[in-house]
Amino acid sequence: MPHAAPARLPLPPGLATALAFALGLGAPAPARAYVDHYLTSTIVGTMTQSEARAFASAVNRALTTTEDGTAVSWRTQATPRRPATYARITPLQSKTDRGQPCRQIRSELMRSSNEESWTGWFCKQPDGRWRARAVEEE
């Protein structure tokens, strides 16, 4: 995919932290500052709080209810100030690691001509939440 430079819009206060925790990426304060800075140049980092919550819900739906290889589609509504954001979240594989069910997902996002994607592992915690973490290679 071609990568156009994303627009640098100010990150609403706490969005990076809220999104990180919503996706199970909670981090201590020094790491959170880095995450806040990194996310400001991404599609995810420029989502409104309601968009971030809806996106986190779509990621959770993909992790919880979707078979490997089956994508969950998600989008925001376009506004006069911002074009719609489209996402496809696809679980790629599932396995057990350290006694926890884990899933690798790929997220592909697009807004106007900007595209970004990431792939990562999420493992289900005893409390039922999914948390991003490293998973041992076989």
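Small disclaimer: the values here were computed from a predicted structure and weren't measured. (Residues numbered from 1 in each chain as written. Predicted model: local features only at pLDDT ≥ 70, side-chain atom pairs only at ≥ 80, totals over all residues. Heavy atoms only, no water.)

1. A look at the pattern of salt bridges
Inclusion rule: When a carboxyl oxygen of Asp or Glu lies within 4 Å of a side-chain nitrogen of Lys or Arg, that pair is called a salt bridge. Accessibility here uses a 1.4 Å probe with only protein chains present; expressed as a share of the type maximum, an area under 20% marks a residue as buried, one over 50% as exposed, and anything in between as partly exposed.
Taken as a whole and assessed by the stated rule, the structure comprises seven salt bridges. A salt bridge links R98 to D97, with the nearest nitrogen and oxygen atoms 3.6 Å apart. Of the residues examined, D97 reaches a relative accessible area of 7% and is grouped as buried. The partner of D127 in a salt bridge is R129, with the nearest N and O atoms 3.0 Å apart. A relative accessible area of 58% places R129 in the exposed class. Three or more residues are tied together by salt bridges with common partners; here these are R88, R106 and E108.

2. Quick word on the environment of R111
Defined as follows: Counting from the N terminus, the helices are the DSSP runs of H or I reaching at least four residues and the strands are the DSSP runs of E reaching at least two. Throughout, a contact is declared for two residues whenever any of their heavy atoms are within 4.5 Å. Here a polar contact is taken to be a pair of N or O atoms separated by no more than 3.5 Å, where protein atoms must pair a possible hydrogen donor with a possible acceptor and residues adjacent in sequence count only if both atoms sit in side chains.
Within the secondary structure, R111 is located in strand β3 (residues 100–111). Taking the C-alpha atoms as reference points, R111 and A84, separated by 27 residues in sequence, lie 6.1 Å from one another. Not counting residues up to four positions away in its chain, the partners in contact with R111 are I43, T46, M47, R82, P83, A84 and T85. Within the structure, the side chain of R111 is placed 2.8 Å from the side chain of T85, a separation counted as a polar contact.

3. Considerations on the packing of aromatic side chains
Operational definition: Think of it this way: a Phe, Tyr or Trp ring, Trp meaning its six-membered ring, pairs with another when their centres are within 6.5 Å, and the plane angle makes it stacked under 30 degrees, edge-to-face over 60, tilted otherwise. As a reminder, the over-ring test applies to NZ of lysine and CZ of arginine, requiring each to be within 6 Å of the ring centre and within 35 degrees of the ring normal.
Summed over all chains, the structure comprises two aromatic pairs. Relative to F122, the ring of W118 lies with its centre 6.2 Å away and its plane at 50°, an arrangement referred to as tilted. Residue class for W118 comes out partly exposed when judged on its relative accessible area of 24%. Judged by its relative accessible area of 3%, F122 is buried. Here the guanidinium or amino end of K95 rests over the ring plane of W121, the centre of that ring lying 5.4 Å away.

4. Let's talk about helix α3 (residues 49–65)
This is how it is decided: Expected span of a helix, by definition, is 1.5 Å for each gap between consecutive residues, and there is one gap fewer than residues. The arc in question is the one traced by the directions running from the helix axis out to the C-beta atoms.
An ideal rise of 1.5 Å per residue puts 24 Å on 17 residues; α3 measures up with 24 Å between its terminal C-alpha atoms. Among all positions of α3, only E51, A52, F55, A56, A58, V59, A62 and L63 are buried. Looking straight down α3, one finds its buried side chains confined to an arc of 155°; they lie on one side. Those residues of α3 that are exposed and aimed more than 90 degrees away from the buried face are R53 and T65.

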